[in-house]
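Examination of the molecular architecture
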Amino acid sequence: MNIYTVNIIGAGKLGKAIGKLLADSNKCSIQGIVNSNIESSQKAIEFINQGKAYSSIQELPLADITFITTPDDLIQIICDKLVKNNKIKSNSIVIHCSGILNIDALNSAKNLKSLNNLDKLDKKVNVYTASIHPVKSFADSLMAVNNFKGTYCAFEGCEYTYNIIKPIFDSFGSIIFKVNSEQKELYHAACVIASNYTVTLTDMAKKCFQDSGLSEQMALNLANKLVLNAANNIKKLNSTDLALTGPIDREELSTIKKHLTALHNKHIKKAYIILARNTICLCKATLDFKNSLLNLLKKISRN
């Protein structure tokens, strides 16, 4: 069985979790980690329990696989530094974990012609590039590791890299799927809507609960419970249409009017109107009700 040596550059919450999963898979050996400072790198090593902390890219040993798990804006810069400092091994793989950037961000590695910066050598080096994006919130590294099984991971790259990376990620319970490079931005927007904006909506509901007189803790408990119930309904019914409940689904125009009157926070009211418009497309209400609701929302929006 091949044991792949791995370097990680930018081991924050995501990078530490990926590093720990790779180390525990027994399919990879973490060699080196470089963060913005040596103290941060050392903390990452302590979490992963494998590898060595390095203070700069120049000091890294060569590896079979290099993960760049920095913020998106630094991925191309880091890749260029790897190339400049001859820190890419022939026949190795360079991977980033961005949800929005495609593998073009790693073109300086893919198009590498010499591992020694010798201009006279006009021979392309075999360096493979890929992207793997776990569709998961990494608010806490340990929690992400413990709950990683069943996580969907979007893969982008050639068949060679796919055949190497898939078995590794399969070993810790990932569900790999291929994503279209040209539609990566739209794919990532969907991730943000489903994950980040669910947190925002939960916070908005919590504020409304509090404004209605509930304590902050009770408000959070109720908002969280309702979000979880809705998510479970979607999963069990395997449908957003069937999982929809509430006044729009029940054609209760008077209830929606009362909501809009009660909502004094203009930002939350605006969000409610936008969400209501989108919910009209989802529900199976009569055409008359849909038209009446649209007219109401237009009228409220103008005021």
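Residues numbered from 1 in each chain as written. Predicted model: local features only at pLDDT ≥ 70, side-chain atom pairs only at ≥ 80, totals over all residues. Heavy atoms only, no water.

1. A few points about the pairing of strand β2 (residues 28-34)
Along a regular strand, successive side chains alternate from one face of the sheet to the other. Applicable threshold: A simple rule labels every residue: compare its accessible area, found with a 1.4 Å probe on the protein chains alone, to the largest value its type can have, and call it buried under 20%, exposed over 50%, or partly exposed in between. A run of H or I in DSSP counts as a helix once it spans at least four residues, and a run of E counts as a strand once it spans at least two, with each numbered from the N terminus. A pair of strands is treated as paired once DSSP finds two or more bridges between them. Whether a crossover is right-handed depends on one test, that the path from the first strand over the helix to the second runs clockwise when the strands point away from the viewer.
Most of β2 is tucked away: 5 of the 7 residues are buried. When strand β1 (residues 4-9) meets β2, the two strands line up parallel, connected through 6 bridges. Each bridged residue has a counterpart across the sheet, and for Tyr4 the counterpart in β2 is Cys28. One crossover worth recording links β1 to the parallel β2 by way of helix α1 (residues 13-24), and it is right-handed. As judged from the 3 bridges shared by β2 and strand β3 (residues 52-54), these two strands associate in the parallel manner.

2. A few points about the pairing of strand β4 (residues 65-68)
Here β4 shows a buried face lined by Ile65 and Phe67 and a second buried face lined by Thr66 and Ile68. When β1 meets β4, the two strands line up parallel, connected through 4 bridges. In the strand pairing of β4, Val6 is matched with Ile65.

3. Focus: the pattern of salt bridges
Test applied: A pair is scored as a salt bridge if a Lys or Arg side-chain nitrogen falls within 4 Å of a carboxyl oxygen belonging to Asp or Glu.
Scanning the model with the defined rule gives 9 salt bridges in all. A salt bridge links Glu159 to Lys178; the nearest nitrogen and oxygen atoms lie 2.4 Å apart. On the criterion of sequence distance, the pair formed by Glu159 in helix α6 (residues 159-170) and Lys178 in strand β8 (residues 175-178) is long-range, its members being 19 residues apart. In this structure Glu159 comes out as partly exposed when scored by relative accessible area, which is 44%. Notably, a salt bridge pairs Arg250 with Glu252, separated by 2.9 Å at the nearest N-O pair.

4. Quick word on unusual backbone geometry
Phi at Asn26 takes a positive value of approximately 65°, unusual for a residue other than glycine. The residue Asn26 is located in the loop between α1 and β2 in this model. Phi is positive for Asn238, which is not a glycine, with a value near 55°. Structurally, the position occupied by Asn238 is in the loop between α9 (216-237) and α10 (240-243). Judged by its relative accessible area of 70%, Asn238 falls in the exposed class.

5. Concerning the packing of α1 against helix α2 (residues 38-48)
Keep this limit in mind: Angles run from 0 to 180 degrees between N-to-C directions of axes, and those axes are lines fitted to C-alpha atoms, restricted for helices to the stretch in contact. Any angle that is under 35 degrees is reported as roughly parallel, and any over 145 degrees as roughly antiparallel; angles of 65 to 115 degrees are reported as roughly perpendicular and all others as oblique. By the definition used in this description, the sense in which the near helix is turned from the far one sets the handedness, with an anticlockwise turn below a right angle giving left-handed and a clockwise turn giving right-handed. We call two residues in contact when some of their heavy atoms are within 4.5 Å.
Running from N to C, α1 and α2 cross one another at 40°; their axes reach a closest spacing of 9 Å. Taken together, the axis directions place α1 and α2 in an arrangement best described as oblique. Along this stretch, α1 crosses α2, giving a crossing that reads as right-handed. From α1, Lys16, Ala17, Gly19, Lys20 and Ala23 reach across to α2, where they touch Ala44, Phe47 and Ile48.

6. Considering the sheet that holds strand β6 (residues 128-134)
Read across the open sheet, the 8 strands follow the order β3-β2-β1-β4-β5-β6-β7-β8; overall the sheet is mixed. Every other strand in the sheet has two partners, leaving β3 and β8 as the edge strands with one partner each. On average, each strand axis in the sheet is inclined to that of its neighbour by 25°, with strand direction left out of account. Where helix α3 (residues 72-84) meets the sheet, its contacts fall on β1, β4 and β5 (93-96), and the angle it forms with β4 comes to roughly 145°.

7. Examining the confidence of the model for the chain
To keep things clear, this is the line we draw: Every residue is assigned a pLDDT by the predictor, reflecting its confidence on a scale from 0 to 100.
Of the residues in the chain, 95% reach a pLDDT of 70 or more, and the chain-wide mean stands at 93. Here residues 117-122 scores under 50 on pLDDT; set against residues more than four positions off or in separate chains, the count is 6 contacts.

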